[in-house]
Amino acid sequence: MDMHNWVLLYILLAFVAANLPWLSNRLFFIRPVAGGKALQWYLLEWLVMYFIVGLVGMVIENSLDGSLHAQGWEFYVIALCMFAVFAIPGFIWRFNVLPMLRRS
């Protein structure tokens, strides 16, 4: 695979990972939570997914380039904002669409 395909695969992985916490009522897909998860649990799971995707990205960069490039704090803030934008479909599904479907 060339670099272009790795980038597309990584962006797809980030999009899926950003939406995973919003799709389940289980805590980290393992433990069921009585009465559903609170917003804090969704956000914690989402943040953990951000770090996992970041680590996967570092592994991919290290394997393709042989080293990790130094990044400033700005890079991580932009990556966090992009991850938040990727999570919008899952968030809307959990807090807007599902309640409307349950009422009707």
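- Under an unreviewed UniProt entry, the name given to the protein chain is DUF2818 family protein, and the organism recorded is Acidithiobacillus sulfurivorans.

1. Considering helix H4 (residues 88–103)
Here is step 1: An ideal rise of 1.5 Å per residue puts 22 Å on 16 residues; H4 measures up with 22 Å between its terminal C-alpha atoms.
Here is step 2: The largest bend in H4 amounts to roughly 35 degrees and is located at Val97, with the proline Pro99 lying one to four residues further along.
Here is step 3: Here H4 has its buried residues at Gly90, Arg94 and Leu98.
Here is step 4: Check the buried side of H4 and you find it contacts helix H1 (3–19) and helix H2 (39–65).

2. Details of the environment of Val53
Here is step 1: Secondary-structure assignment places Val53 in helix H2.
Here is step 2: A C-alpha to C-alpha distance of 19 Å links Val53 and Gly66, two positions 13 residues apart in sequence.
Here is step 3: Residues within four places of Val53 in sequence aside, it is in contact with Tyr10, Ala14, Ala17 and Phe83.

3. With respect to unusual backbone geometry
Here is step 1: Its identity as a non-glycine residue notwithstanding, Phe28 has a phi of 55 degrees, on the positive side.
Here is step 2: Residue position: Phe28 is located in the loop between strand E1 (26–27) and strand E2 (31–32).
Here is step 3: Here Phe29, not a glycine, exhibits a phi torsion of approximately 60 degrees, which is positive.
Here is step 4: Its location among the elements puts Phe29 in the loop between E1 and E2.

4. Some words on the side chain of Glu45
Here is step 1: Here Glu45 lies in helix H2.
Here is step 2: Beyond its immediate sequence surroundings of up to four residues, Glu45 is in contact with Pro21, Arg26, Leu27, Phe28, Phe29 and Lys37.

5. As for the pattern of salt bridges
Here is step 1: Inspection of every chain in the model, using the stated rule, returns 1 salt bridge.
Here is step 2: A salt bridge links Lys37 to Glu45, with the nearest nitrogen and oxygen atoms 2.5 Å apart. Glu45 carries the same exposure label as Lys37, and that label is buried.

6. Considerations on the packing of H2 against helix H3 (residues 73–86)
Here is step 1: Running from N to C, H2 and H3 point in directions that differ by 120 degrees, and their axes come no closer than 11 Å. With respect to each other, H2 and H3 are oriented oblique. Crossing geometry of H2 relative to H3 is assigned as right-handed. The residues of H3 that touch H2, namely those facing Trp46, Leu47, Met49, Tyr50, Val53 and Met58, are Tyr76, Ala79, Leu80, Phe83 and Ala84.
Here is step 2: The residue inventory of the contact of H2 with H3, partitioned by class, reads 11 nonpolar, no polar and no charged.

7. Overview of the UniProt feature "transmembrane region" (unreviewed entry) in the protein chain
Here is step 1: Mapped onto this structure's residue numbering, the UniProt feature "transmembrane region" (unreviewed entry) falls at residues 6–29, 41–60 and 75–95.
Here is step 2: Across residues 6–29 one finds 58% helix and 8% strand; the C-alpha atoms that close the span lie 27 Å apart.
Here is step 3: Note that residues 41–60 is 100% helix and 0% strand, and that its end C-alpha atoms are spaced 29 Å apart.

The rules behind the values
Residues numbered from 1 in each chain as written. Predicted model: local features only at pLDDT ≥ 70, side-chain atom pairs only at ≥ 80, totals over all residues. Heavy atoms only, no water. Helix = DSSP H or I, 4+ residues; strand = E, 2+ residues; numbered from the N terminus. Expected span 1.5 Å × (residues − 1). Bend = angle between axes of the 7 residues up to and from the residue. Buried < 20%, exposed > 50% of the residue type's maximum accessible area, 1.4 Å probe, protein only. Contact = heavy atoms within 4.5 Å. Salt bridge = Lys/Arg side-chain N within 4 Å of Asp/Glu carboxyl O. Axes fitted to C-alpha atoms, helices over the stretch in contact; angles between N-to-C directions. Parallel < 35°, antiparallel > 145°, perpendicular 65-115°, else oblique. Left-handed = near helix turned anticlockwise from the far one by under 90°. Nonpolar A, V, L, I, M, F, W, Y, C, P; charged D, E, K, R; others polar. UniProt positions renumbered as here; feature names shortened; annotations may be inferred.

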